Amino acid sequence: MTLTIGFFCFHSVLMGYRTTRFRPIAVYCLLLVPSAADAAVVAITKTVDATIDARGMTLASNAPYGSAINGEAFETDVVSSYNGYQYTAYWAKDASGATPSYYVAVARRLAGAATWDVANLTSSKFVNGMSNSTPWDAHNTVSLGIDPTDGTLHLAYDMHGNTLRYLKSSLGVATSAATTTWSSSLFGSETAILSGGATQTSVTYPMFVRTPTNDLQLFFRRGASGDGSWMVFNYSGSSHAWDGGYQIDSGTTGTYAAIGSTQRNAYPNGFTYDVNGRLNETFVWRENTNMGGSGSNHDINYVYSPDSGTTWLNN
């Protein structure tokens, strides 16, 4: 299909996700429209309106990072599709008792269906994001990943510089979806350990990425805003296990000459594989405010990895 003229705009933004500090850096526009020969091919038809769950949680109206927590911009895939089904995970507010409770819910539907099946993970409660018993921190989202090799679903949630909260499903949940009864019993116990007995600490922004070899990676920041580095762990559907993980950048290498800062962290716009199997990342740097930084981001950067995250290049 040939795309010739159309209209599409995007801008790079301050990625701290503080609504009071949203600051556009630049705006870029592309005009993309199908040619006349392809006009019949490019067609979008709405087939159904569907509410996943009316119990979706929101935060306090005066919460410091905004009141929305389900479907944040920094989540890799809010809805994931595989094998004819769609999956999503989010925070639910259960108001059935005298005091509301907040926990992870995981929903599934046959693609295009009007209704979703919901599994309530009532033991996976919203804890770290609370302040004085009030839902407070929008960083503490729920991330979901699918490994196509062994059919497991993976969840990481409720972290803003906290110890890892992670669990996965039984084998074959996604690969045998049509014959699998959807329920909370499909999901295992929570753990802070991915491999080797080591507890993962100081975790923020978990992102699951499906690889071209039909396995799964987990990226997250270790450290804090202005002083952190990104990690990646690799899951094998053949062995049903994570590797030991490794650091892919450094928040303490080099000096940002403009202010003399020696501490920072990257804010990625996600990690994406292209059709050639190359892993791509764009990101900005945030300098440490204690090192003279303003807390805002600078520069738009691009790197890629030809070997699934082991080696990174910028040319």
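Given the structure is predicted, the values throughout are model-derived calculations rather than measurements.

Tallying secondary structure elements over the chain gives zero helices and 20 strands in all. Burial statistics for the chain: of 315 residues in total, 45% are counted as buried. Of all intrachain contacts in the chain linking residues separated by at least 6 positions in sequence, the fraction that spans at least 24 positions is 51%. Split by element, the accessible area of the chain, about 15100 Å² in all, is 52% carbon and sulfur.

This structure, assessed with the given rule, holds six salt bridges. Its salt-bridge partner being Arg165, residue Asp158 comes within 2.5 Å of it at the nearest N-O pair. For the pair formed by Asp158 and Arg165, the shared burial category is buried. Ionic contacts of the salt-bridge type, sharing partners, join the residues Asp158, Arg165 and Glu190 into one network.

With antiparallel pairing, four strands are arranged side by side in an open sheet as 3-4-5-6. Strands at the two margins of the open sheet, each flanked by one partner only, are strand 3 (79-82) and strand 6 (117-125). Here the average twist between neighbouring strands, direction ignored, is 25 degrees. Judged from the ten bridges that link them, strand 4 (residues 85-94) and strand 5 (residues 101-110) form a sheet pairing that is antiparallel. When the bridges of strand 5 are listed, Ala89 appears paired with Val106.

Strand pairing within a sheet occurs via backbone hydrogen bonds; the two strands may be parallel or antiparallel. Spatially, the three strands line up as an open sheet ordered 9-10-12, and their pairing is antiparallel. Each edge of the sheet is formed by a strand with only one pairing partner; in this case those strands are strand 9 (142-147) and strand 12 (166-168). If you compare each strand with its neighbour and ignore which way they point, the axes differ by 15 degrees on average. Relative to strand 10 (residues 152-157), strand 9 runs antiparallel, the two being bridged by six bridges. Looking at the pairing, Ile146 lines up with Leu153 of strand 10.

Judged by nonpolar contacts, the single largest core of 29 residues is most densely connected at Tyr87, Val106, Leu153, Leu155, Trp182 and Phe187. Counting only elements with at least two residues in this core, the list comes to strand 4, strand 5, strand 6, strand 9 and strand 10. With four residues, strand 4 is the largest single contributor of residues to this core. Apart from residues lying up to four places away in sequence, Val106 is in contact with Thr88, Ala89, Asp117, Val118, Ala119, Leu121, Leu144, Leu155, Trp182 and Phe187. In terms of nonpolar packing, the next biggest core, distinct from the first, is built from 18 residues, Tyr205, Ala266, Phe271 and Trp285 among them.

Our focus in this paragraph is the pairing of strand 5. Extensive coverage of strand 5 is indicated by the burial of eight of its ten residues. Taking the residues that link successive antiparallel strands as the turn, the strand 4-strand 5 hairpin has six residues. Direction of pairing for strand 5 relative to strand 6: antiparallel, over a ladder of six bridges. The residue bridging Tyr103 from the neighbouring strand is Lys125, located in strand 6. From the end of strand 5 to the start of strand 6, which pair antiparallel, there are six residues, and Gly112 there has a positive phi angle of about 90 degrees.

Topologically, Thr88 is positioned in strand 4. Reaching out from Thr88, the side chain makes a polar contact with the backbone oxygen of Val78 at a distance of 2.7 Å. Contact partners of Thr88, with chain neighbours within four places excluded, come to Ile52, Val78, Val79, Ala105, Val106, Ala107, Trp116 and Leu144.

Aromatic ring pairs are reported here in terms of the distance separating the ring centres and the angle at which the planes meet. Under the counting rule described, the total for this entry stands at 16 aromatic pairs. Counting every residue linked through ring pairs, the aromatic cluster contains Phe74, Tyr205, Phe219, Trp230, Tyr267, Phe271 and Trp312. Residue placement shows Arg278 over the ring face of Tyr304; its charged tip is 4.1 Å from the ring centre.

A word on the confidence of the model for the chain. Across the chain, the average pLDDT comes to 88, with 86% of residues at 70 or higher. Note that pLDDT drops below 50 for residues 1-32; the model gives that stretch 76 contacts with residues more than four away or on any other chain.

To continue, consider empty space enclosed by the protein. One pass over the structure, following the stated rule, counts one cavity of 30 Å³ or more. In this model, the largest cavity occupies a volume close to 40 Å³. Elements with a contribution of two residues or more to the lining of the largest cavity: strand 9 and strand 13 (203-210). Split into classes, the residues belonging to the lining of the largest cavity amount to five nonpolar, two polar and two charged.

For strand 9, a buried count of six out of six residues is recorded, marking the element as mostly surrounded by other parts of the structure. Here strand 9 shows a buried face lined by Val142, Leu144 and Ile146 and a second buried face lined by Ser143, Gly145 and Asp147. What sits between strand 9 and strand 10 in their antiparallel hairpin is a turn of four residues, with Gly151 showing a positive phi close to 75 degrees.

Thresholds applied
Residues numbered from 1 in each chain as written. Predicted model: local features only at pLDDT ≥ 70, side-chain atom pairs only at ≥ 80, totals over all residues. Heavy atoms only, no water. Helix = DSSP H or I, 4+ residues; strand = E, 2+ residues; numbered from the N terminus. Buried < 20%, exposed > 50% of the residue type's maximum accessible area, 1.4 Å probe, protein only. Contact = heavy atoms within 4.5 Å. Areas by Shrake-Rupley, 256 points an atom, 1.4 Å probe, with all protein chains shown as cover. Salt bridge = Lys/Arg side-chain N within 4 Å of Asp/Glu carboxyl O. Pairing = 2+ DSSP bridges. Axes fitted to C-alpha atoms, helices over the stretch in contact; angles between N-to-C directions. Core = buried A, V, L, I, M, F, W, Y, C linked by side-chain atoms within 4.5 Å. Polar contact = N/O pair within 3.5 Å; in protein donor to acceptor, adjacent residues only side chain to side chain. Phe/Tyr/Trp six-rings, centres within 6.5 Å; stacked < 30°, edge-to-face > 60°. Lys NZ or Arg CZ within 6 Å of the ring centre and 35° of its normal. pLDDT = per-residue confidence, 0-100. 1 Å grid on protein atoms, 1.4 Å probe; cavity = no way out; pocket = protein on both sides within 12 Å on 5 of 7 lines; lining within 4 Å. Points joined across faces, edges and corners; volume = space filled by probe spheres on them. Nonpolar A, V, L, I, M, F, W, Y, C, P; charged D, E, K, R; others polar.

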